[in-house]
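Close look at the chain arrangement
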Amino acid sequence: MKKLLFILIAFLAFANGDAQILDPAKWTTKIEKKSDTNYILTFDAIIEKDWHLYSQFTAEGGSLPLEISFNNQKGNFNLVGKAKESKTKTAFNDIFEVNETYFENKAQIQQEISIINPKITKIEVNFNYQVCKEACINIEKNFTFAIPATSKTAEIAILATDLTTIDSAKVDTEVVNTDVNKAETVTPEIVPVLDNKPSTQRGLWSIFFIAFLSGFAALLTPCVFPMIPMTVSFFTKQSKTKAKGIRNAIIYGIAIIFIYVVLGFLVTWIFGADALNALSTNVWFNIIFFILLVTFAASFLGAFEIMLPYSWANKVDNQADRGGIIGILFMALALAIVSFSCTGPIVGTLLVEAASKGGIAPIIGMFGFSLALALPFMLFAMFPGWLNSLPKSGGWLNTVKVVLGFLELALAFKFLSNADLVLQLHFLEREVFLAIWIAIFGTLAFYLFGKITLPHDSPMNHISVGRLSFGLVVLAFTIYLIPGIWGAPLKLISGFPPPMTYSESPYGVGNSKGGTNASAVILPNGAHLGPHDLIAFEDYEKGLAYAKSINKPILLDFTGYACVNCRKMEDYVWSDPAILKILQDEVVLISLYVDDKRELPKSEQYVSKETGKEIVSVGNKWSDFQITRYKANAQPYYIVLDTEENMLSDKPESYNSDINAYKGWLREGIDSFKKAK
C-alpha cells in the first residue's frame, strides 16, 4: 500500500514546541491473594486519546515492546506463566514493515507470582515501554507491592515512580480497602479494551471490498459462471409463479452467503481472533502460507485440480432434491462443493489475508466474497431477460483462472519475504523479490498476448480487445517494476517488496557504496552518513566540536530507532529538496538516539540528578540529556542551536508534516545565527 497515512495531515499536537515532560499513561495497581502462596499483580493504565502503548508481544523491528522485570525475584518468588494482557490492536506499520501490537485508551497487565520465601514483604516491578502519537516517548516506571500480612484479600493502590519525570521521590505503598472480616478471594479478570478507532473500520471495509472483488473474480471462473443461467433457469421453470421463482432464488443467494459466513465464523472461532493475527506474523506460518499459495497457483495454472471428494457432492445433491428451504440450502452447499476447485484457492487466499487483520476480519471477508457470488443468482432470477446479455462460456473463463493463478503466485512471495525479513536471512532481498515479480508479470503479459499457452487453453486464432488491453496494463506494470532494481522507490507497491535497506545494494544496483556524492565525501571524525546521505553525528560533543570548527548552527535531533514519526519526518519532510538542501549545506546534524541499547563504559555510568534513574546505556544518556536540559521527553524533538549551545528558534519543533512550516522554523534559527555573526 502507499504510505497514505503521511499524506493525511496529522493533528500537530506538539507543533507549538513547548518543553514538557509527557506522561500519556496513568497507572494504578493492586495485589490480590489467590492462594496461601500465590498472588495476582494487576497493572491498569488509562492511556490518553490517540496515544499507543506497545504490547510486550509486538513484533520485533518496530516500536519498542513493553519489558517487565522483577527486581527482587531471585530466591523470593517465581512467575507463574507469562504476564497476561487485555485486548490489544494490531496494525501494519509501513515504515518498519511489521505488524505492531499496541493498547489504545486503556490497558491491563496481570502477572501471577508464587512466593517461595515466606519472609518477603514486598514485590518490586519495573516497566520499560514506549508510547507514541505524533511523538514517541520511552518510559520507565517502578512499582512496589506490599504483600498483605493477612490471609484475606487485600487491594493495594500503588503510586508508581516515573523515572522519566523531574520528581524522583519514591512514594510508599498504601494498603486500602482491607477488610479482615471478608475472606472472599477476588477472581482476576482481564478487562477488554474496546476498539472504536475509525482505522479499524477502514481496515474491515478494505477487507470487505477486497473480498467482494475476489467473489466477483470467482464468478468469472469455469466452475461458477456456467452455473448462473442453469441455476436461474431451474428456479424460474420449476416454480409455479414468477414471484415464487424469485423468492427461491433469493433464498438460494442468502444460503450461499450463510455457508461462507459460517466458514469465516468457524475459522475465527477455532483459531481465535487474536491467534489468527499471531499466525499471520509467525515465521513458520508465513512459510506455510507461501507453500499453500504456490499450490493454489499451480492448480489455477492447470497443473492439477483441487477437488473435494465426489461422495460429498453426491450426498449433498441427493439432499437438494428434498425441496423447500432445506433443499435450497443443500443446493447452495452443492454449488460450494462443486465449484471448490475454482473458489477454494480464492477463499483460502482471502482467509490468509484477512488473518493479518485479526478480529472478525475472516467473517467480514467471507460475507463480502459470498455477497458477490450470490448477487448474480438473485438479480438474474428477478430479471431473467438479463441472461441474454451474458457472454457465452468459453476459453475466456480459463483465461480468468490463469490470471488468478499468476496473481496468487506473486502474492505467495510476499509471505516468503515476511519470513525472510523476520529471520534476517537475506535470501529474498529487494532485488531478488523484484526480479521474481518481473518474471511473473512479464510471463503473464506474454500469456495474455497469446505467446504462451497452458494445458487447459482453447486454440486461439486471435485475441480480443479486452485481453489485449489487459495485457498492455500488465506489461506497463512489469516495465514499471524494472527501475526498482536500480533503486527506484516504486511507491505504487510500497509495503510489498522488502525495504530499500534490505537489499544487496541499498543505493541501487551498480552503486553499492552509496550515491554519487556519498561515495566521494570525506566524513568528519565521529560522523556517518545518515538519512538521504546527510552527514550526521550520534555523539553530541563530537558534533558540537565540528560545528564550532566550521562555524555552522546545529540541528539537534532527539530521535529513536523505533520511533515511527521520526522515520516519517526523515522520509517525507527531510526528503523535500528545499529541506534537504538546508540540512546538507547550512546546519550540522546531531541525531541522538534515546533507545540506543549499547552499554556505556562503567566509568561513564551514573545516576541522574534529575530523575534518580541509573544511566547505563547510550540511549539512557541522551534521554537524560533531553530531560535535564530541555525538560522534554518526546521524540522526534528538534532544536536549532548556535555553537555556544543557545537555542536560536523561539521554540523547539516536534513532529510536523507541514513542509513549509518546518522550513520556516529551520530558516528562523539559521537566520538568527547569521545575524549574530
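Every chain's residues receive numbers from 1 upward, in the order its sequence appears when written. pLDDT decides what is reported in this predicted model: residues at 70 or higher carry local features, side-chain atom pairs at 80 or more are listed and counted, and totals for whole chains, interfaces and linings draw on all residues regardless. With hydrogens and water stripped out, all remaining heavy atoms of the structure feed into the side-chain values.

As a further point, take the nonpolar core. Nonpolar side chains in soluble globular proteins tend to end up buried together. Core analysis: the biggest nonpolar cluster contains 33 residues, and W27, L41, F43, I123, V125, F127 and Y129 have the highest contact counts within it. Broken down by secondary-structure element, the contributors of at least two residues to this core are β1 (25-33), β2 (38-47), β5 (77-85), β8 (106-115), β9 (122-132) and β10 (136-146). With residues near it in sequence (within four places) discarded, Y129 still touches A25, W27, L53, P65, L66, I137, N138, I139 and K141. Nonpolar cores were defined as sets of buried Ala, Val, Leu, Ile, Met, Phe, Trp, Tyr and Cys residues, with membership established by side-chain atoms within 4.5 Å. Only protein chains enter the accessibility calculation, which uses a 1.4 Å probe; a residue whose area is less than 20% of its type maximum is buried, one above 50% is exposed, and one in between is partly exposed. Counting residues in each nonpolar core, the second largest holds 29 residues, with A410, L444, A445 and L481 among its members. By the criteria applied, helices consist of DSSP H or I runs no shorter than four residues and strands consist of E runs no shorter than two, each listed in order from the N terminus. For this analysis, residues touch if any pair of their heavy atoms sits within 4.5 Å.

In regular strands, side chains alternate between the two faces of the sheet. The buried fraction of strand β16 (residues 554-559) amounts to 6 of the 6 residues, a majority that puts the element mostly inside the structure. Residues I554, L556 and F558 of β16 are buried on one face, and the alternating residues L555, D557 and T559, pointing to the opposite face, are buried as well. In this description, strands pair whenever DSSP reports at least two bridges between them. Where β16 meets strand β17 (residues 588-593), 6 bridges bridge the pair, whose relative direction is parallel. Counterpart to L556 in the pairing with β17 is I590. Looking at chain direction, β16 and strand β20 (residues 637-641) are connected through 5 bridges and run antiparallel. In the strand pairing of β20, L556 is matched with I639.

Here we take up the packing of helix α12 (residues 430-448) against helix α13 (residues 465-481). To get an axis, fit a line to the C-alpha atoms, keeping to the stretch in contact for a helix; angles then go from 0 to 180 degrees between the N-to-C directions. Packing of α12 against α13 leaves a shortest axis separation of 8 Å and a crossing angle of 160°. If you check the angle between α12 and α13, you find them roughly antiparallel. In the crossing of α12 with α13, the sense of the turn from one axis to the other is left-handed. Residues W437, I438, F441, G442, L444, A445, Y447 and L448 of α12 touch α13, and the partners they reach there are R467, F470, G471, V474, L475, F477, T478 and L481. In terms of residue class, the contact of α12 with α13 is built from 12 nonpolar, 3 polar and 1 charged. Geometric relationships in this document are graded by angle, where less than 35 degrees denotes roughly parallel, more than 145 denotes roughly antiparallel, 65 to 115 denotes roughly perpendicular, and other angles denote oblique. Crossings are classed by handedness, with left-handed meaning an anticlockwise turn of the near helix from the far one by less than a right angle and right-handed meaning a clockwise turn. Gly is placed with the polar residues, together with every amino acid not listed as nonpolar (Ala, Val, Leu, Ile, Met, Phe, Trp, Tyr, Cys and Pro) or charged (Asp, Glu, Lys and Arg).

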